[in-house]
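For reference, the chains in residue letters:
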Amino acid sequence: MIVGLTGKSCSGKNYVAKSLKALGFTVWDLDREAAQIGNSMKDGVLKQLGTYDGRELRELVFQNPEKLHVLEKIIYPVLQKKILCYRYDLVINGATLHRSGFDTLCKFVIYVDAPYEERLKRAKKRDRITEKEFALREASQQDIDFRAVKYRRPVHVLDNTSGFTPEDLDRALTFRGLL
């Protein structure tokens, strides 16, 4: 079984992922997996985008949707093959779950939701970025919000407006029949 875990930047996806991992699930971080694939394909990435430095790539693709699309076309097919070859239950944690089409591989999707202002506060603290940088990140994630796009699998929304404890998460997932 494959489960999707998604939400916008600083919504609490990684917290949920850690909690699911503690419950025994195998969790793959899409960004981390994509970075590993990108590193193994440095020549192709460098040829197409002019850099394979992680920080430079992030800045480049958050500011230029066409460059992001180029990077995704390089990495997503390899990543999809890796997901499909995995033989155990798997949680895929990634903001780009819908954009990548990986939501179609999932039995259902858990969407972690939090308001913009709360996510901005978390991003400033965690990532030490400015409001302008966060706004660029937000603009690149318009196709992530479950209210704006139609996911191709059932979506279960977890409200993380004010944070939640492991017990809250366990209750929410159990209540929805996800555990």
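None of the values given here were measured: they were computed from a predicted structure.

A. Quick look at the pattern of salt bridges. Taken as a whole and assessed by the stated rule, the structure comprises 12 salt bridges. Residue Arg-147 is joined to Asp-113 by a salt bridge in which the shortest nitrogen-to-oxygen separation is 2.9 Å. Pair noted here: Arg-147 is in the loop between α8 (131–139) and β5 (155–159) and Asp-113 is in strand β4 (residues 108–113), with a separation of 34 residues, a long-range link. Arg-147 gets classed as exposed once you look at its relative accessible area, which sits at 53%. Across the pair Arg-147 and Asp-145 runs a salt bridge whose closest N-O atoms are separated by 3.1 Å. Asp-145 sits in the buried class, given a relative accessible area of 12%. Connected through salt bridges with shared partners, the residues Lys-8, Arg-119 and Glu-138 form a single ionic network.

B. Expanded view of unusual backbone geometry. Positive phi, close to 65 degrees, is recorded for Cys-10, a residue that is not glycine. Even without being glycine, Arg-128 reaches a positive phi, approximately 55 degrees. Following the sequence through the fold, Arg-128 ends up in the loop between α7 (116–126) and α8.

C. Here's a closer look at the environment of Gly-54. Assignment of secondary structure puts Gly-54 in helix α4 (residues 54–63). For Gly-54 and Leu-23, which are 31 residues apart along the polypeptide, the C-alpha to C-alpha distance reads 31 Å.

D. Seen up close, the nonpolar core. With 28 residues, the main nonpolar core has Leu-30, Leu-79, Ile-83, Ile-92, Leu-97 and Phe-102 as its most contacted residues. Per element, the largest residue contribution to this core is seven residues, and it comes from helix α5 (residues 65–85). Not counting residues up to four positions away in its chain, the partners in contact with Leu-97 are Gly-4, Leu-5, Thr-6, Leu-30, Ile-92, Phe-102, Asp-103, Cys-106 and Val-109. The next biggest cluster of nonpolar side chains, apart from the first, holds 15 residues, and it includes Val-3, Val-16, Ala-17 and Leu-169.

E. Region of the structure containing the sheet that holds strand β3 (residues 90–93). With respect to topology, five strands assemble into an open sheet ordered β2-β3-β1-β4-β5, the strand pairing being parallel. Edge positions in the sheet fall to β2 (27–29) and β5, since each has one partner strand and no second. Each neighbouring strand pair of the sheet contributes to a mean axis angle of 20 degrees, computed without reference to strand direction. Bridge count for β2 against β3 is three bridges, and the pairing is parallel. Along β3, the bridge assignment pairs Val-27 with Val-91. Against the sheet, helix α1 (residues 13–22) touches β1 (2–6), β2, β3, β4 and β5, its axis set at about 150 degrees to β1.

F. Up close: the environment of Lys-121. Tracing the chain through its elements places Lys-121 in helix α7. Residues Lys-121 and Glu-131, spaced 10 residues apart in sequence, show a C-alpha to C-alpha distance of 9.0 Å.

G. Spotlight on the confidence of the model for the protein. Overall, the predicted model of the protein reaches an average pLDDT of 88, with 97% of residues at or above 70. Within the protein, helix α9 (residues 166–175) has the poorest average pLDDT of any element, 74, and α7 the best, 96.

H. Highlighting the side chain of Gln-141. The topology assignment puts Gln-141 in the loop between α8 and β5. You can call Gln-141 buried: its relative accessible area is 8%. Here Ser-9 takes part through its backbone nitrogen, which lies 2.9 Å from a polar atom of the side chain of Gln-141.

I. Representation of helix α2 (residues 30–40) in the model. Where α2 is concerned, the buried positions are Leu-30, Glu-33, Ala-34, Ile-37 and Gly-38. The buried residues of α2 all sit within an arc of 140 degrees when viewed along its axis, so they share a single face. Residues of α2 that are exposed and point more than 90 degrees away from the buried face comprise Asp-31, Arg-32 and Ser-40. Summarising the contacts, the buried residues of α2 are in contact with β2, α3 (42–49), α5, β3 and α6 (97–100). Between the side-chain oxygen at the start of α2 and the backbone nitrogen of Asp-31 there is a gap of 2.9 Å, and the oxygen is on Asp-29.

Each value, and the rule that gives it
- Residues numbered from 1 in each chain as written.
- Predicted model: local features only at pLDDT ≥ 70, side-chain atom pairs only at ≥ 80, totals over all residues.
- Heavy atoms only, no water.
- Salt bridge = Lys/Arg side-chain N within 4 Å of Asp/Glu carboxyl O.
- Helix = DSSP H or I, 4+ residues; strand = E, 2+ residues; numbered from the N terminus.
- Buried < 20%, exposed > 50% of the residue type's maximum accessible area, 1.4 Å probe, protein only.
- Core = buried A, V, L, I, M, F, W, Y, C linked by side-chain atoms within 4.5 Å.
- Contact = heavy atoms within 4.5 Å.
- Pairing = 2+ DSSP bridges.
- Axes fitted to C-alpha atoms, helices over the stretch in contact; angles between N-to-C directions.
- pLDDT = per-residue confidence, 0-100.
- Polar contact = N/O pair within 3.5 Å; in protein donor to acceptor, adjacent residues only side chain to side chain.
- Arc of directions from axis to C-beta.

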